[in-house]
Amino acid sequence: TPIRLLLFLHFVRTGIMSQPSKVRANMLRGFAQLLTEQGVALDPLLHSVGLTARDVDGDDHDLPFNAVAELMETAAEASKDGVFGVTFAKAYPVG
């Protein structure tokens, strides 16, 4: 879930745990929809971190942790949403 991703980001950045190398792409389900609703273009953000639209399509495959972490930070800046992680967690499709 997005909360799990946010916890990973927090733990890695604070040094609580060593950085995992991969995360599951299905953690980004609803990400593109949220950015669209916030008026943020997805493709330039993906390109800036070395990902593609296919990478975040919700299928269950591995993505580089660093790219996903950078994508979340870039999306937060682009959306000007100071609590983007929380907004994403609330928008995450359950079920």
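All values reported here derive from a predicted model rather than from experimental measurement.

Bringing the overall build of the chain into the picture now. Within the chain one finds 5 helices and 2 strands. Walking the chain from its N terminus toward its C terminus, one meets helices and strands in the order α-β-α-α-β-α-α. Residue burial in the chain is summarised as follows: out of 95 residues, 38% are buried. Restricting the contact set of the chain to residue pairs at least 6 apart, pairs at least 24 apart contribute 70%. When the accessible surface of the chain is totalled, it reaches about 5500 Å², and 55% of it is carbon and sulfur.

Another aspect to go through is the packing of aromatic side chains. Counted under the stated rule, the structure contains 3 aromatic pairs. Both rings, one in Phe31 and one in Phe84, keep their centres 6.0 Å apart while their planes meet at 85°; by these two values the pair is edge-to-face. Pair noted here: Phe31 is in helix H2 (residues 31-37) and Phe84 is in helix H5 (residues 84-91), with a separation of 53 residues, a long-range link. Judged by its relative accessible area of 0%, Phe31 is buried. A ring pair is formed by Phe31 and Phe88, whose centres lie 5.6 Å apart and whose planes are at 90°; its orientation type is edge-to-face. Of this pair, Phe31 sits in helix H2 while Phe88 is found in helix H5, placing the two residues 57 residues apart along the sequence.

So, on to the packing of helix H3 (residues 42-49) against helix H4 (residues 65-79). Helix-helix packing is characterised by the crossing angle of the two axes and by the distance between the axes. The N-to-C vectors of H3 and H4 enclose an angle of 140°; their axes lie 9 Å apart at closest approach. One element, H3, and the other, H4, form an angle in the oblique class. Here H3 runs over H4; the crossing is right-handed. Between H3 and H4, the residues in contact are Leu45, Leu46, Ser48 and Val49 and Ala67, Glu70, Leu71, Thr74, Ala75 and Ala78, respectively.

Moving on: the nonpolar core. In terms of nonpolar packing, the biggest core is built from 26 residues, with Leu28, Phe31, Leu35, Leu71, Phe84 and Phe88 touching the most fellow members. Secondary structure elements with two or more residues in this core: H2, H3, H4 and H5. For this core, the element with the highest residue contribution is H4, accounting for 7 residues. Other than its neighbours up to four places away in sequence, Phe31 contacts Leu42, Leu71, Met72, Ala75, Phe84 and Phe88.

Definitions and limits used
- Residues numbered from 1 in each chain as written.
- Predicted model: local features only at pLDDT ≥ 70, side-chain atom pairs only at ≥ 80, totals over all residues.
- Heavy atoms only, no water.
- Helix = DSSP H or I, 4+ residues; strand = E, 2+ residues; numbered from the N terminus.
- Buried < 20%, exposed > 50% of the residue type's maximum accessible area, 1.4 Å probe, protein only.
- Contact = heavy atoms within 4.5 Å.
- Areas by Shrake-Rupley, 256 points an atom, 1.4 Å probe, with all protein chains shown as cover.
- Phe/Tyr/Trp six-rings, centres within 6.5 Å; stacked < 30°, edge-to-face > 60°.
- Axes fitted to C-alpha atoms, helices over the stretch in contact; angles between N-to-C directions.
- Parallel < 35°, antiparallel > 145°, perpendicular 65-115°, else oblique.
- Left-handed = near helix turned anticlockwise from the far one by under 90°.
- Core = buried A, V, L, I, M, F, W, Y, C linked by side-chain atoms within 4.5 Å.

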